[in-house]
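Topology and contacts: notes
Here is what each chain is made of, one letter per residue.
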Amino acid sequence: MKHRIMQTVIGTDIRQAIDFLRLGEVVAIPTETVYGLAGNALNENAVLKIFDAKQRPRFNPLILHVASMDQFGLYASEVPEACHILASRFSPGPLTFLLPKTELVPDLVTAGSERVAIRIPAHPLALELLGLIDFPLAAPSANPFGYVSPVTAQHVWDGLQGRIPYILDGGPCPMGLESTIIGFEAKDITLHRHGAIPLEAIEEALGRKISVRKNGDPVNAPGQLKSHYAPHIPLWMGDVDSLMQVHHGKRIAVISFHRRYVYPEPAYQFILSPEGDLHEAARNLFRVLREVDTLDADIILAERFPEAGLGRAINDRLQRAQAVFKQ
Ligand code: TXA
Ligand code: MG
């Protein structure tokens, strides 16, 4: 795929970002989860530019970002009661709803699916921007396809510089993990992607258990590709002590939750939260995956996190980072 070359500016001028969006350009915007690569979702040309800038395959659908619940009705033909309950609790916030789409949503956005993914981001700059425009924003994470999602404006620059005109800088993303995706199929409620709202919080709000789509399930969410979030250095996840024995003799970097290991030297060890706080670990994960990727290590060994709360989403991302090298 050929892409256009242009000057990329990092700034904090919301008006400037809006001017570009109105012209059908794509702009990186901060959200509370990760930076998004946004374009007017109702303008197919703008949406095509998103796919091009990211080099993302067109069969991988995009999330629609809107300013308020009022707009769900425009783009979703049916909003079930459970969706209202969850939205009243978690929106604006990192929860994305899969709902039957209306004709207003271009097929390009949903990759031909009858369902559209919608969320209301909680970042103040994103919300302000969405409140000032009269179209929804289609926005995937603002990284080249397959690489780690960006959690600072600099990360966006590192990946997309020269391909987009503007990066709206809203500081480091406070959550650092993508939104949780929830689907409503007939009477079933399914979690499609672990993310910044833990499964437990959703089940608590609904007062019932929901099903969780397993990675190996048939891909009814076409974009759920396994090989995502991948650093360039091979990553293995599991019991780090045993992995160190298996990979003895290699230059090793370690990503741990809170433990410090005797080996390797400190510059090759990344502790995501010395206090053992999953929120802090989640916030640091993508920054660390990028940092560790700049070392001269042969291999990255990552701990498996407790399979509860945000630990599920962290494990999911590490699993995907590892999957690439196992296929
Ligand atoms: O936190 C987030 O969700 C960030 C910020 C920017 O909002 N966005 C994000 O977008 O993570 P992206 O494109 O990197 O991941 C969106 C996921 C993909 O796995 C995609 O396949 C799935 O959502 N998705 C989007 N629309 C869908 C649809 N209509 N049906 C099934 N899956 C869909
Ligand atoms: Mg992504």
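Please read all numbers here as calculations on a predicted model, not as lab measurements. (Residues numbered from 1 in each chain as written. Chains lettered and ligands numbered in written order. Predicted model: local features only at pLDDT ≥ 70, side-chain atom pairs only at ≥ 80, totals over all residues. Heavy atoms only, no water.)

With that settled, the discussion passes to the overall build of the chain. Per the secondary structure count, the chain includes eleven helices and 15 strands. Its C-alpha atoms give the chain principal-axis dimensions of about 55 × 50 × 35 Å. The 327 residues of the chain split such that 57% are buried. Across the chain, contacts joining residues at least 24 apart in sequence account for 68% of those joining residues at least 6 apart. Accessible surface, the chain as shown: approximately 13800 Å² in total, 52% of it carbon and sulfur. Within the chain, one finds 32 positive and 36 negative side-chain charges whose respective centroids are separated by 4 Å. (Helix = DSSP H or I, 4+ residues; strand = E, 2+ residues; numbered from the N terminus. Buried < 20%, exposed > 50% of the residue type's maximum accessible area, 1.4 Å probe, protein only. Contact = heavy atoms within 4.5 Å. Areas by Shrake-Rupley, 256 points an atom, 1.4 Å probe, with all protein chains shown as cover. Lys, Arg positive; Asp, Glu negative; His and termini not counted. Charge placed at Lys NZ, Arg CZ, Asp CG, Glu CD.)

What the eleven strands build is an open sheet, ordered E1-E8-E2-E3-E7-E4-E6-E5-E9-E10-E11; its pairing is mixed. Looking at strand neighbours, the two that pair on one side only are strand E1 (9-11) and strand E11 (211-212), the edges of this open sheet. For E1 and strand E8 (residues 166-168), the ladder comprises three bridges, and the chain directions are parallel. Residue Val 9 lies in a different strand from E8, and its bridge partner there is Tyr 166. Each of strand E3 (36-40) and strand E7 (137-138) touches helix H2 (residues 44-54); the most contacted strand, E3, lies at about 155° to it. With respect to the sheet, helix H7 (residues 153-160) is in contact with E1, strand E2 (27-29), E3 and E8, its orientation differing from that of E8 by roughly 160°. (Pairing = 2+ DSSP bridges. Axes fitted to C-alpha atoms, helices over the stretch in contact; angles between N-to-C directions.)

The next point concerns the domain arrangement of the chain. When cut into domains, the chain gives domain 1 (9-212) and domain 2 (235-326). Each of domain 1 and domain 2 was reduced to a C-alpha centroid, and the two centroids are 27 Å apart. Between domain 1 and domain 2 the total buried area reaches about 1600 Å² when both faces are included, carbon and sulfur atoms providing 58% of it. The largest contributions to the domain 1 side of the interface with domain 2 come from Val 148, Leu 177 and His 194, which together make up 34% of the buried area. One can count two salt bridges joining domain 1 with domain 2. Joining domain 1 to domain 2, the criterion identifies seven residue pairs in polar contact (both at pLDDT 80 or more). Counted by class, the side of domain 1 that touches domain 2 contains twelve nonpolar, six polar and three charged residues. (Domains from an automatic or database assignment. Buried area = accessible area lost by both parts, 1.4 Å probe. Salt bridge = Lys/Arg side-chain N within 4 Å of Asp/Glu carboxyl O. Polar contact = N/O pair within 3.5 Å; in protein donor to acceptor, adjacent residues only side chain to side chain. Nonpolar A, V, L, I, M, F, W, Y, C, P; charged D, E, K, R; others polar.)

In terms of backbone geometry, most residues other than glycine have negative phi values and most peptide bonds are trans. Residue Pro 92 is reached from Ser 91 by a cis peptide bond, and omega for that bond is -5°. As for its position among the elements, Pro 92 is in the loop between helix H4 (81-90) and strand E5 (95-100). At the junction of Tyr 263 and Pro 264, the peptide bond is cis and its omega measures out at 0° in the coordinates. In this structure, Pro 264 sits in the loop between strand E13 (252-256) and strand E14 (269-271). Residues other than glycine seldom take positive phi values, yet Gln 55 does so here, at roughly 60°. Judged by relative accessible area, which is 29%, Gln 55 ranks as partly exposed. At Ala 111, a residue that is not glycine, the phi angle is positive and equals roughly 55°. Residue classification places Ala 111 among the partly exposed residues on the basis of a relative accessible area of 26%.

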